[in-house]
Amino acid sequence: MSFSQHLQYIYSVRGLLLEGLGVSLIIAFAAVIIGFVIGVVLAMIKIAPKNNLFIKILDKIADLYITVIRGTPMLVQLLIMYGVVLVAFKNNPTNLVVPIISFGINSGAYMAEIIRSGINSVDKGQMEAGRSLGLSWSTTMFKIIIPQAIKTVIPTIFNEIIILVKETSVVCYIVLRIGGKQVWDLLGIAEKLGLNKPAYYMSLIFSVAIMYLVVVLILTLVQKLIERRLAKNERT
Amino acid sequence: MKERNTAPLLQVKNLCKKFDKNNVLNGIDLDIYKGDVIAVIGPSGCGKSTFLRCLNLLEIPTAGEIVFQNEYLFKLYSRYTKKQIKNLKRPVVAPINASLTEEKKKEILANLSALLKEQKAEEKAIKKATDKGINQHRQKIGMVFQQFNLFPNLTIMQNVTLAPIKLKGLSKEQAEEKALALLDKVGLKDRANDYPSALSGGMKQRVAIVRALAMEPDIMLFDEPTSALDPEMVGEVLKVMSDLATEGMTMVVVTHEMGFAREVANRILFIDGGVIKEENSPKEFFENPKDERLKEFLSKVL
């Protein structure tokens, strides 16, 4: 079989591959948002002054969460979510919520550590200066500390987003449905097509690799743009 | 010191601070009156910065009282430790209780629990007032840091107006107008829209002073304001500070600038080993020091 035949085949299934990419990206980006929100909340709990029992309990819960999530493989977490925790959603006509929540929860643990380290990297004097003016802890945190922390965490956050986008490919281990119809993620659809046409299997896998690479390149570009924007007030 | 008729603005009683097992402050007593300019000097590591940071509770003291404008900023009891209480509650274990009769023990315990209850209630009330009030009190206590601590993500104008807009309910225009007037006073009106990274150290420190002044504090704390500056920039910052003193601002200045202390301050404290070793007027302090450690210190720095 010639190279052009491979190209032709890939071209003929482009719609299915792009659909798969769409499913992957929906899962990834919804999970990123959930992960970011969880991450911010956990990071706040971790760095808040531990001056009452409520915060102390939350802190222990956050510790447990981060330990468990970072200590177990993503695929195992997904299978547990699919089979046990979110089993109620498993047979819904649209069950994308299962992988979205699973990946979001997973990402949240990593985001929490990233955001916490970013906040800790801001000079202690900034909080002291804010507090000495009479500003509350939270006002100083959101007006002064976090804007500075964002700048330092952008590269690591994007690292995490990129890892997450690629890691969603393990979702092909579970059955996905949108509106009652079964759908596949990018790798899933490639595997399925490859089963029927084993001769084209490697071409399909290469196509998947290229499509992921393009997505990651776009993300890298977005990261650069954001970094440039944030660097604005450092210029003199 | 001459006697004063008015109540002190800020009163410090038996202030102690421990970091782990390291005693940094060992009982400092000081009354600060309106209009005082107090220079605090001492060898490094003597606790003078810690003392200053305790005054607005950036460091939480481990014992003592701070009274600001007749309200408790801080008060802590150290009459009974948890261990002492535990031992009293377990009369069999504590050997001291073996010689006591049952009735005596009961009486002590009854009194103790009443005392503890009282102590707890008072502690709780003060803690509540402190937690709630500390942000309000801090609005009245300006602080200037050695490292300036300007907010690099905000312009000079935003640095100065952030707190007044947030806390004093000023409109943006009002706050900016006030900020410009203050910036003009320190000669930085035309830098209002720059970011701190564009300014020299001396300018940054002047902005930091303006930022604190914008809250119209009743007292200003300066934590070695010129120590991080190039020598040629020290003068411009000291000038702003002495102008401020002339206007009648109450100031506590931790400094190594002996010239400033001598000319601008009306009281000078020498802190060593976490206690005030000597307090005097500048003239007496420099010309007629009494404490041995102070004599040694002055012979090295003058």
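Here is what the cut-offs are and how they apply
- Within any chain, residue numbers begin from 1 and follow the written order of that chain's sequence.
- A letter from A marks each chain and a number from 1 marks each ligand, given out in the order of writing.
- Whole-chain, interface and lining totals are the exception, using all residues; otherwise, since this is a predicted model, local features are given only for residues with pLDDT of at least 70 and side-chain atom pairs are given and counted only at 80 or more.
- Side-chain measures were taken over the full set of non-hydrogen atoms in the model, leaving aside hydrogen atoms and water.
- For helices the rule is a DSSP run of H or I covering at least 4 residues; for strands it is a run of E covering at least 2, with both sets numbered from the N terminus onward.
- Any two residues whose heavy atoms approach within 4.5 Å at even a single point are treated as in contact.
- Buried area adds together the accessible area that both of two parts lose upon being put together, with accessible area traced by a 1.4 Å probe.
- Should a side-chain nitrogen of Lys or Arg be within 4 Å of a carboxyl oxygen of Asp or Glu, the pair is scored as a salt bridge.
- N or O atoms closer than or at 3.5 Å make up a polar contact, with two conditions inside protein: a donor-capable atom paired with an acceptor-capable one, and, for residues adjacent in sequence, both atoms drawn from side chains.
- The criterion is simple. A nonpolar core is a set of buried Ala, Val, Leu, Ile, Met, Phe, Trp, Tyr and Cys residues joined through side-chain atoms within 4.5 Å.
- Exposed residues in this analysis have more than 50% of their type's maximum accessible area, buried residues have under 20%, and partly exposed residues fall in between, with area computed by a 1.4 Å probe over protein chains only.
- Pairing between two strands is assigned when DSSP locates at least 2 bridges connecting them.
- The axes are straight lines fitted to the C-alpha atoms, using for helices just the contacting stretch, and the angles between their N-to-C directions are given from 0 to 180°.
- Whether two aromatic rings pair depends on their centres lying within 6.5 Å, for rings of Phe, Tyr and Trp, where Trp uses its six-membered ring; planes under 30 degrees apart make the pair stacked, over 60 edge-to-face, and the rest tilted.
- Counted as over-ring charges are cases with an Arg CZ or a Lys NZ within 6 Å of the ring centre that also lie within 35 degrees of the ring normal.
- What sets the label is the angle itself: under 35 degrees gives roughly parallel, over 145 gives roughly antiparallel, 65 to 115 gives roughly perpendicular, and the rest give oblique.
- Throughout, a crossing is termed right-handed when the near helix is turned clockwise from the far one, and left-handed when it is turned anticlockwise from it by less than a right angle.
- The residue classification treats Ala, Val, Leu, Ile, Met, Phe, Trp, Tyr, Cys and Pro as nonpolar and Asp, Glu, Lys and Arg as charged. All others, Gly included, are polar.
- By this rule the span expected of a helix is its residue count minus one, scaled by 1.5 Å.

A. Here's a closer look at the environment of Leu154 of chain B. Among the secondary structure elements, Leu154 of chain B is positioned in the loop between β6 (141–144) and α4 (156–168). In the structure, Leu154 of chain B is positioned 139 residues away from Arg293 of chain B in sequence and 45 Å away in space, judged by C-alpha atoms. Every residue in contact with Leu154 of chain B, bar those within four places of it in the chain, is listed here: Ile144 of chain A together with Asn159, Leu162, Tyr195 and Pro196 of chain B.

B. Just the interface of chain B and chain A, in detail. Listed as interface residues are 25 residues of chain B and, on the opposing side, 20 residues of chain A. Counting each side, the surface lost to burial between chain B and chain A is near 2000 Å², with a carbon and sulfur contribution of 60%. Counting every contact that joins chain B to chain A gives one salt bridge. Here Arg53 of chain B makes a salt bridge to Glu128 of chain A, at a shortest N to O gap of 2.6 Å. The tally of links between chain B and chain A comes to six residue pairs in polar contact (both at pLDDT 80 or more).

C. View of the nonpolar core. In terms of nonpolar packing, the biggest core is built from 57 residues, with Leu17, Ile27, Phe103, Ile119, Met141, Leu176 and Leu204 of chain A touching the most fellow members. Those elements that place two or more of their residues in this core are α1 (3–12), α2 (14–47), α4 (74–85), α6 (97–121), α8 (137–167), α9 (186–196) and α10 (201–230) of chain A. If one sorts the elements of this core by residue count, α8 of chain A sits on top with twelve residues. Core analysis: the second largest hydrophobic core is formed by 49 residues, Val186, Leu213, Leu238 and Ala261 of chain B among them.

D. Region of the structure containing the sheet that holds strand β3 (residues 37–41) of chain B. Residue and element names in this part refer to chain B. A sheet is described by the order of its strands in space; here six strands give the open sequence β6-β7-β8-β3-β9-β10, paired in mixed fashion. Each edge of the open sheet is held by one strand with a lone partner, namely β6 and β10 (275–280). With direction set aside, neighbouring strand axes in the sheet form an average angle of 20°. The sheet contact formed by strand β9 (residues 267–272) and β10 spans five bridges and is antiparallel. Considered in β10, the bridge of Ile268 is made with Asn280.

E. Layout of the packing of aromatic side chains. The tally for this structure, following the rule as stated, stands at three aromatic pairs over all chains. Judged by centre distance (4.2 Å) and plane angle (10°), the ring pair of Tyr9 of chain A and Tyr200 of chain A falls under stacked. Taken together, the positions of Tyr9 of chain A in helix α1 and Tyr200 of chain A in the loop between α9 and α10 put the pair 191 residues apart, joining distant regions of the chain. As far as burial versus exposure is concerned, Tyr9 of chain A and Tyr200 of chain A are alike and both buried. Geometrically, the ring pair formed by Phe285 of chain B and Phe286 of chain B is edge-to-face, given 5.3 Å between the ring centres and 80° between the ring planes. Using a relative accessible area of 0% as the deciding quantity, one classes Phe285 of chain B as buried. Taking NZ or CZ as reference, Arg14 of chain A lies 4.1 Å from the ring centre of Tyr11 of chain A, over its face.

F. The packing of helix α6 (residues 201–213) of chain B against helix α7 (residues 231–246) of chain B, seen in detail. Residues and elements named next belong to chain B. At their nearest, the axes of α6 and α7 sit 8 Å apart, and the two run at 20° to each other. Comparing the axis directions of α6 and α7 gives the class roughly parallel. Once α6 is placed against α7, the crossing between them reads as right-handed. Here α6 contributes Gly201, Gly202, Met203, Gln205, Arg206, Ile209 and Leu213 to the contact with α7, which in turn contributes Met233, Glu236, Val237, Val240, Met241 and Leu244. Grouping the amino acids of the contact of α6 with α7 by side-chain chemistry returns eight nonpolar, three polar and two charged.

G. Molecular detail of α6 of chain B. Taking 1.5 Å of rise per residue, 13 residues should cover 18 Å, and α6 of chain B covers 18 Å from first to last C-alpha, within 8% of that figure. Across the 13 residues of α6 of chain B, twelve count as buried, placing the element largely inside the fold. Residues of α6 of chain B that are buried include every one of Gly201, Gly202, Met203, Gln205, Arg206, Val207, Ala208, Ile209, Val210, Arg211, Ala212 and Leu213 of chain B, and no others. Against α7 (124–132) of chain A together with β6, α4, α5 (172–185), β7 (219–223) and α7 of chain B lie the buried residues of α6 of chain B.

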